[in-house]
Amino acid sequence: DTGVSQDPRHKITKRGQNVTFRCDPISEHNRLYWYRQTLGQGPEFLTYFQNEAQLEKSRLLSDRFSAERPKGSFSTLEIQRTEQGDSAMYLCASSQPTWGSPLHFGNGTRLTVT
Amino acid sequence: AQTVTQSQPEMSVQEAETVTLSCTYDTSESDYYLFWYKQPPSRQMILVIRQEAYKQQNATENRFSVNFQKAAKSFSLKISDSQLGDAAMYFCALHTGANSKLTFGKGITLSVRP
């Protein structure tokens, strides 16, 4: 179990630029989640996948956000035309598909939009 | 829709003492899972304890135990013999269905005084 890994750890970008984050889940985990966390707040759900299928998307996920999980392995989260309000920690987590299985989180990618 | 409420933003405990962190939730489901997660400063979120709603017995993991009151929709975490390493943000979370997301509360910051 190598854990959930996210890349990069930090990203600083200028407003209007596009950014892409990557998440590698624990290999035997079918489910993969993206959450956003701002300072001092709890994680807010963005989207999740079971294998390659994107099963749910939050209304927080505007059309500037897109997530993919090709072949049901790693996942990418892209933010187009970034805005200062996108500055946050983006957390990825994975779990087994069994209901009630705990989520295993990565270290997150901290995005700063200047 | 489900909600998780953590009304205490901060708490402090003396080392070796016991502290209880409160959480209430709301869901129309009769079966669900509840979790407490710990997020140390600048470190990844890890699972502390899990409770299945249909089990009346309160979950226990070493120094961590819960007081689960289903009728009151209350799920508090008790930390016994507090240690300096327990200092972190603690999040209560709810998982209601096989194909649903994990919903988090806003968290509580616990500090431990030496």
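See above for the structure.
What you see is a predicted model, and the numbers here were worked out from it, not measured in a lab.

**Observations regarding the overall build of chain B**
Scanning chain B from N- to C-terminus turns up zero helices and 12 strands. Referenced to the eigenvectors of the C-alpha coordinate spread, the extents of chain B come out at roughly 40 × 30 × 20 Å. Each of the 114 residues in chain B was classed as buried or not, and the buried ones make up 48%. Within chain B, contacts between residues separated by at least 24 positions form 56% of all contacts whose residues are at least 6 apart in sequence. On chain B, roughly 5,700 Å² of surface is accessible, and the fraction owed to carbon and sulfur atoms is 44%.

**Some details on the sheet that holds strand E3 (residues 19-24) of chain A**
Residues and elements named next belong to chain A. Pairing within the open sheet is antiparallel, and its four strands lie in the order E1-E3-E8-E7. Both edges of this open sheet fall to strand E1 (5-7) and strand E7 (65-68), since each of them pairs with a single strand only. The sheet shows a mean angle of 15° between the axes of neighbouring strands, taken without regard to direction. Of the pairings in the sheet, the one linking E1 to E3 comprises three bridges and is antiparallel in character.

**Remarks on the pairing of strand E8 (residues 64-69) of chain B**
All names here are of chain B. Pairing of strand E7 (residues 60-61) with E8 involves two bridges; the strand directions are antiparallel. The partner of threonine 60 across the bridge, within E8, is serine 65. Here E8 pairs with strand E9 (residues 74-79) via six bridges, running antiparallel. Across the sheet, asparagine 67 pairs through a bridge with serine 76, a residue of E9. Hairpin connection, E8 to E9: the antiparallel pair is bridged by four residues, and lysine 73 has positive phi, about 55°.

**Quick look at the interface of chain B and chain A**
Each side of the interface is counted separately: chain B has 23 residues, and chain A has 21 residues. When the two sides are added together, the surface that chain B and chain A hide from each other amounts to roughly 1,900 Å², 54% of it contributed by carbon and sulfur. Where chain B meets chain A, there are one salt bridge. A salt bridge links glutamate 56 of chain A to lysine 101 of chain B; its shortest N-O distance comes to 3.4 Å. The tally of links between chain B and chain A comes to seven residue pairs in polar contact (both at pLDDT 80 or more). For the side of chain B that touches chain A, the elements supplying multiple residues, two or more each, are strand E5 (33-39), strand E6 (46-52), strand E10 (88-95) and strand E11 (102-104) of chain B. By residue number, the principal contributor to the side of chain B that touches chain A is E5 of chain B, which donates four residues. When the residues that make up the side of chain B that touches chain A are grouped by side-chain class, the tally is 11 nonpolar, eight polar and four charged.

**Details of the packing of aromatic side chains**
The final tally for this structure, using the stated rule, is 16 aromatic pairs over all chains. With centroids separated by 5.3 Å and ring planes inclined at 85°, the aromatic side chains of tryptophan 99 of chain A and tyrosine 33 of chain B adopt a geometry described as edge-to-face. Of this pair, tryptophan 99 of chain A sits in the loop between strand E9 (88-95) and strand E10 (104-105) while tyrosine 33 of chain B sits in strand E5, each in a different chain. With a centroid separation of 6.0 Å and 35° between ring planes, the pair formed by phenylalanine 35 of chain B and tyrosine 37 of chain B is classed as tilted. In terms of burial, phenylalanine 35 of chain B and tyrosine 37 of chain B fall into one category: buried.

**Looking at the pairing of strand E8 (residues 75-79) of chain A**
Residues and elements named next belong to chain A. The buried fraction of E8 amounts to four of the five residues, a majority that puts the element mostly inside the structure. By the bridge criterion, five bridges tie E3 to E8 in an arrangement that is antiparallel. Each bridged residue has a counterpart across the sheet, and for phenylalanine 21 the counterpart in E8 is leucine 77. Pairing between E7 and E8: four bridges, direction antiparallel. In the sheet register, alanine 67 faces E8, and the bridge partner there is leucine 77.

**Concerning the side chain of threonine 47 of chain A**
Residue and element names in this part refer to chain A. With respect to the element layout, threonine 47 can be found in strand E5 (residues 44-50). By relative accessible area, threonine 47 is classed as buried at 0%. Here glutamate 56 takes part through its backbone oxygen, which lies 2.7 Å from a polar atom of the side chain of threonine 47. If near-sequence neighbours (up to four positions away) are discounted, threonine 47 is found in contact with Leu32, Tyr33, Trp34, Gln54, Glu56, Lys57, Leu61 and Ala67.

What counts and what doesn't
- Residues numbered from 1 in each chain as written.
- Chains lettered and ligands numbered in written order.
- Predicted model: local features only at pLDDT ≥ 70, side-chain atom pairs only at ≥ 80, totals over all residues.
- Heavy atoms only, no water.
- Helix = DSSP H or I, 4+ residues; strand = E, 2+ residues; numbered from the N terminus.
- Buried < 20%, exposed > 50% of the residue type's maximum accessible area, 1.4 Å probe, protein only.
- Contact = heavy atoms within 4.5 Å.
- Areas by Shrake-Rupley, 256 points an atom, 1.4 Å probe, with all protein chains shown as cover.
- Pairing = 2+ DSSP bridges.
- Axes fitted to C-alpha atoms, helices over the stretch in contact; angles between N-to-C directions.
- Buried area = accessible area lost by both parts, 1.4 Å probe.
- Salt bridge = Lys/Arg side-chain N within 4 Å of Asp/Glu carboxyl O.
- Polar contact = N/O pair within 3.5 Å; in protein donor to acceptor, adjacent residues only side chain to side chain.
- Nonpolar A, V, L, I, M, F, W, Y, C, P; charged D, E, K, R; others polar.
- Phe/Tyr/Trp six-rings, centres within 6.5 Å; stacked < 30°, edge-to-face > 60°.

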